[in-house]
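# Architecture at a glance
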Amino acid sequence: MAVEVGQQAPDFELKDQHGTPVRLSGFRGKKNVVLVFYPLAFSGVCSGELAAMRDEFPEASRDDVELLTVSVDSGYALRTWSDAEQFGFSLLSDFWPHGDVARSYGVFGENLGIATRGAFISDKDGVVRWKVVNPIPQARDIADYQKALASL
């Protein structure tokens, strides 16, 4: 079942590219969270989207915003990709149980075994205030994230 605007964001804990556990509820009361699901590390559209997050999304460095990106890749692949691309944000591994977090948000493509391009912004109370789900080949627009954050 897909998560909708106005609902509580499903809590989860995943390890980042450094093996550090990250729990979504750990940001409640402190930060708005931009949660970005993408299909696969090193792929063309995903590389472009995350590079845009790195280069064109200064909001990610605000004290009241946390950027979390999620794919089904292993932590080892995410660490290699992060190091190569110098991503300064968390790349979370939804590797095992395979795609569980993407499923809980309704953005897991069962036929391909990867996440679709779903993105969710939740406020400091953990309530989803904005979402977009694009087909796998269609990149998301950074300006949409910026508008959504500005409205919080």
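Our subject in this report is the structure included herewith. Keep in mind it's a predicted model, so treat the numbers as computed, not measured.

Relative to the helices and strands, S122 resides in strand β8 (residues 117-122). Those residues in contact with S122, other than ones at most four positions away along the chain, are A9, N32, V33, V127, V128 and R129.

Attention now moves to the layout of surface pockets. Put simply, the largest pocket is a space of about 230 Å³. In terms of lining residues, the largest pocket is bounded by 14 residues, among which K15, S74, G75, Y76 and S93 are the most central. Among the residues making up the lining of the largest pocket, the classes are represented as four nonpolar, six polar and four charged.

Here helix α2 (residues 75-85) has its buried residues at L78, W81 and S82. Seen along its axis, α2 keeps its buried residues to an arc of 100°; they face one direction. Exposed and facing more than 90 degrees away from the buried side of α2 are Y76 and A84. The positive-phi residue at the C-terminal boundary of α2 is Q86, with phi of around 55°.

Our next topic: the pattern of salt bridges. Following the criterion strictly, the structure yields 13 salt bridges and no others. With a shortest N-O distance of 3.1 Å, R23 and E13 are connected by a salt bridge. Of this pair, R23 sits in strand β2 (residues 21-23) while E13 sits in strand β1 (residues 13-15), placing them 10 residues apart in sequence. Its salt-bridge partner being R117, residue E49 comes within 2.7 Å of it at the nearest N-O pair. One end of the pair, E49, is in helix α1 (residues 44-56); the other, R117, is in strand β8, and 68 residues separate them in sequence. Through salt bridges with shared partners, one network takes in D11, E13 and R23.

This part takes up the packing of aromatic side chains. Counted by the stated rule, this structure contains 10 aromatic pairs. Judged by centre distance (5.6 Å) and plane angle (50°), the ring pair of Y38 and W81 falls under tilted. Placement of the pair is Y38 in the loop between β3 (32-37) and α1 and W81 in helix α2, with a sequence separation of 43 residues. For Y38, a relative accessible area of 0% translates into the label buried. Here the aromatic cluster, defined as three or more aromatic residues joined through ring pairs, consists of Y38, F42, W81, F87 and F89. Note that R103 overlies the ring of F108, its terminal NZ or CZ placed 4.1 Å from the centroid.

Of all seven residues in strand β4 (residues 65-71), seven are buried, a share of seventy percent or more. Taking every second residue as pointing to the same face, both faces of β4 are buried, with V65, L67, T69 and S71 on one and E66, L68 and V70 on the other. In the sheet, β3 pairs with β4 via six bridges, with the strands oriented parallel. Of the residues in β4, the one forming a bridge with V36 is T69. Read as a crossover between parallel neighbours, the route from β3 over α1 to β4 is right-handed. Here β4 runs beside strand β5 (residues 90-93); their pairing, made up of four bridges, is parallel. In the strand pairing of β5, S71 is matched with S93.

About the cut-offs
Residues numbered from 1 in each chain as written. Predicted model: local features only at pLDDT ≥ 70, side-chain atom pairs only at ≥ 80, totals over all residues. Heavy atoms only, no water. Helix = DSSP H or I, 4+ residues; strand = E, 2+ residues; numbered from the N terminus. Contact = heavy atoms within 4.5 Å. 1 Å grid on protein atoms, 1.4 Å probe; cavity = no way out; pocket = protein on both sides within 12 Å on 5 of 7 lines; lining within 4 Å. Points joined across faces, edges and corners; volume = space filled by probe spheres on them. Nonpolar A, V, L, I, M, F, W, Y, C, P; charged D, E, K, R; others polar. Buried < 20%, exposed > 50% of the residue type's maximum accessible area, 1.4 Å probe, protein only. Arc of directions from axis to C-beta. Salt bridge = Lys/Arg side-chain N within 4 Å of Asp/Glu carboxyl O. Phe/Tyr/Trp six-rings, centres within 6.5 Å; stacked < 30°, edge-to-face > 60°. Lys NZ or Arg CZ within 6 Å of the ring centre and 35° of its normal. Pairing = 2+ DSSP bridges. Right-handed = clockwise from strand over helix to strand, strands pointing away.

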